[in-house]
Each structure stands twice: as C-alpha cells, then as structure tokens.
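Each chain is listed here by its residues.
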Amino acid sequence: EQTINETLDGCPNGTTKPYMVSISGKTLDDNLEMLNRIAKVQDKVACVELNLACPNVIGKPIIAYDFEQMRMILKTIQSKKYSFLLGLKLPPYLDSKHLQEAASIINEYSSMVRFVACINTIGNALAVDEVSEAPFIASNNGLAGLSGPAVKYTALANVRQMRQQLKPEIDVVGVGGIESGTDVFQMLLCGASAVQVGTCHWKEGPQCFDRICDELKKLLQDKGYSDVKQVIGMLKPWSKEGAALSRAAKKDGGPTTAKVSSVREGGMDASKILNIVLVVVLAILLAERMKT
C-alpha cells in the first residue's frame, strides 16, 4: 500500500499509464493480506497479477501445479469480492492434460479472472560457473527458474493451448523469450492479446520496448496487416505451401513480403499503414480491457 502510493506520487503529473501490481505470497494468508492492502488503494491500481507460479520460494512448491490448492485459493479469493481486475501468472505446463485441467479450473472463475500470463520461468534450472566450479547464484543451492530465449517455445505452446482451452473473455498474455518484433508476432499468432518482456529489459534496458514495437510495426506493414488485432489467434495450420514460402524467404535472406501479400486477399495502402496502432505493453492493453 505504501509502496503503491510512493511509486505513484513519484510519477509526473498527468501520468496516464496504468499501474499494475504483481504479488506472490508464501501462503494463502500472505496473498490475502496483500490483496486486502491493494483493495484499500484500488482506485490507483489498474490490475493485480497473482503469481501462482513462482519456482523460487524456497521450501514451497509451485501452487499452480497443485490443482486442488489452486481451486481452493481461487474460491477463497472470489468470496472476498474484490472489485479490481485480477489475472494469474501460470507456470509452464509440460503435459497437455495438466494444462487442460488448469484451464478448466480457471474457467470456473471466469467472472473474476480476467487474464492469464503464460509462462513464468521453468523451475529447477541450474547454471554452473566453470571458473569457480560453483553455481552462479547462492540461494537454494543454485537452483532457480529458467527464463529468456531458452523458454520461448514452451511459452508459445502454453499460450496457444491456453487460448484454445480458456473462455474467450479471459485474455492470454504471452511471456517468455521475447526479444524482437518477430517474437511478439509469434505470440500474437498463438493467441496472446498482450506480452510481457522481462529478460530483454534486464539486459537492454527500457529502450527495448520502443525497438520491439518498431520492429513489430514494420513486420505487420510488410506482411500487409493494417491492425494488430488481425493477427491475434490466427495461427495457420501447417501446409506445404507455407513451408515452401518459408524456405524461399530463408534462401533470399529475409521475408518475401511480396509473396506473403500475394497469398492474402486484399492488402493495404499507404494511408492504412499510417493508421497502425500497436500496443504490446501489457499495461496499455489491460487498461483498454477495463473500459469494456
């Protein structure tokens, strides 16, 4: 509560960017205590992301892998009738049956859960420093969550399957290995309505957001899309024609935009290109969602 007030008080006057809070308690009581505090200043908070997927709480299992516990937590939170927008950060599900079960539980609480973020880090990773002959980090015997480009394909699979399994009113946010406009484009195709960027921001700083947005704008323009919404959830089935187009693009050393445009009906003129409105930062997309 104090942190929220201090953060917002430090923002320039007239700041309109929504402020989101992500929490991860060790126990249900911890989470409820934080949610109760957030509720006191909810007029300043755009949404809350409840992290049920943190692999770095020493001695505590990942909550969203324990489906009965997950259901109990959501049931308890629903009984509190918080009015702020609530989302869940989920772990990587490596088995489709587990993903389906998680989605089924979340669908039971679709009136409360407005989005899910897929995925958090892949737990139980270990990086070893060959110089010191020891783990790179001190905590938990060096074990931690794996993030960045190494998790991208697992993230894409989870985004795709969650979008297929969840009710349409629950948005999916793509997380994991996003470093370029192409990465965002792939997440959108799989059904993400927004994305989160973590590792790239840590390595490159906040300037990565403008770069990624510019790259996505250019990619959409080259492929003949006039609106980012035309891409969301539109992943096509594999085909010989598509594979041939991809091989040709790689052989030419880049995307064959003319060929891509020729296989899509319509296209767009320069005036439409100027009207592209790109929103990839989670804050803006969720703020827009709240207006509906």
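All figures in this text were calculated on a predicted structure; none of them were measured in a lab.

Calculation notes
Residues numbered from 1 in each chain as written. Predicted model: local features only at pLDDT ≥ 70, side-chain atom pairs only at ≥ 80, totals over all residues. Heavy atoms only, no water. Pairing = 2+ DSSP bridges. Helix = DSSP H or I, 4+ residues; strand = E, 2+ residues; numbered from the N terminus. Axes fitted to C-alpha atoms, helices over the stretch in contact; angles between N-to-C directions. Contact = heavy atoms within 4.5 Å. Salt bridge = Lys/Arg side-chain N within 4 Å of Asp/Glu carboxyl O. Buried < 20%, exposed > 50% of the residue type's maximum accessible area, 1.4 Å probe, protein only. Right-handed = clockwise from strand over helix to strand, strands pointing away. Parallel < 35°, antiparallel > 145°, perpendicular 65-115°, else oblique. Left-handed = near helix turned anticlockwise from the far one by under 90°. Nonpolar A, V, L, I, M, F, W, Y, C, P; charged D, E, K, R; others polar. Phe/Tyr/Trp six-rings, centres within 6.5 Å; stacked < 30°, edge-to-face > 60°.

A. Examining the sheet that holds strand β10 (residues 194-196) more closely. With parallel pairing, six strands are arranged side by side in an open sheet as β1-β2-β3-β4-β9-β10. Looking at which strands have only one partner, the edges of the open sheet turn out to be β1 (20-23) and β10. Between one strand and the next, the sheet's axes are offset by a mean angle of 25°, whatever the strand orientation. Bridging between strand β4 (residues 113-118) and strand β9 (residues 171-175) involves four bridges; their strand directions are parallel. The residue of β9 that forms the bridge with C118 is G174. Against the sheet, helix α2 (residues 28-40) makes contact with β1 and β2 (47-51), and its axis sits at roughly 165° relative to β1, the strand it touches most. Across the sheet, helix α3 (residues 67-80) touches β2, β3 (85-90) and β4, and the angle it forms with β3 is around 170°.

B. Just the pattern of salt bridges, in detail. For the structure shown, the criterion picks out nine salt bridges. The partner of R211 in a salt bridge is E215, with the nearest N and O atoms 3.0 Å apart. One end of the pair, R211, and the other, E215, are both in helix α8 (residues 207-223), four residues apart, so they sit about a helical turn from each other. Under the relative-accessibility criterion, R211 is labelled partly exposed at 25%. Close ionic contact of K218 with D222 constitutes a salt bridge, the shortest N to O distance being 2.6 Å.

C. Representation of the environment of H201 in the model. Structurally, H201 is set in helix α7 (residues 199-204). By relative accessible area, which is 33% here, H201 ends up partly exposed. Sequence separation between H201 and E179 is 22 residues, and the spatial gap between their C-alpha atoms is 8.6 Å. Leaving out residues up to four positions away in the same chain, H201 has contacts with P206, C208 and F209.

D. Quick peek at the pairing of β3. Burial analysis of β3 places six of its six residues in the buried class, the great majority of the element. Residues L85, G87 and K89 line one face of β3 and the alternating positions L86, L88 and L90 line the opposite face, and both faces are buried. In this structure, β2 lies alongside β3, joined through five bridges in parallel fashion. Looking at the pairing, N51 lines up with K89 of β3. Note: β3 against β4, five bridges, orientation parallel. By the bridge assignment for β4, L90 is matched with C118. In this region the chain leaves β3, passes through helix α4 (residues 96-108) and returns to the parallel neighbour β4; the handedness of that crossover is right-handed.

E. Main features of unusual backbone geometry. With omega at 15°, the peptide bond leading from C118 into I119 counts as cis. Mapped onto the elements of the fold, I119 is located in the loop between β4 and β5 (122-126). The backbone of N141 sits at a positive phi, close to 55°, despite the residue not being glycine. Mapped onto the elements, N141 comes out in the loop between β7 (134-135) and β8 (143-146). On the basis of relative accessible area, N141 is assigned to the exposed category, the value being 69%.

F. Inspection of the packing of α4 against helix α5 (residues 152-165) at higher detail. Their axes nearest at 10 Å, the elements α4 and α5 cross at an angle of 45°. Relative to α5, the element α4 lies oblique. Both α4 and α5 take part in a crossing whose hand is right-handed. Each of S96, L99, Q100, A102, A103 and N107 in α4 lies in contact with α5, whose residues at this interface are N158, Q161, M162 and Q165. Of the residues belonging to the contact of α4 with α5, the class tally is four nonpolar, six polar and no charged.

G. Expanded view of the packing of aromatic side chains. The full count for this structure, using the stated rule, is four aromatic pairs. On the basis of an interplanar angle of 50° and a centroid distance of 6.3 Å, the ring pair of F185 and Y225 is categorised as tilted. With a gap of 40 residues between them, F185 in helix α6 (residues 181-189) and Y225 in the loop between α8 and α9 (240-252) connect regions that are remote in the sequence. The buried category is assigned to F185, whose relative accessible area is 8%. Y225 gets classed as buried once you look at its relative accessible area, which sits at 10%. By way of ring pairs, the aromatic residues Y65, F67 and Y93 are connected into one cluster.

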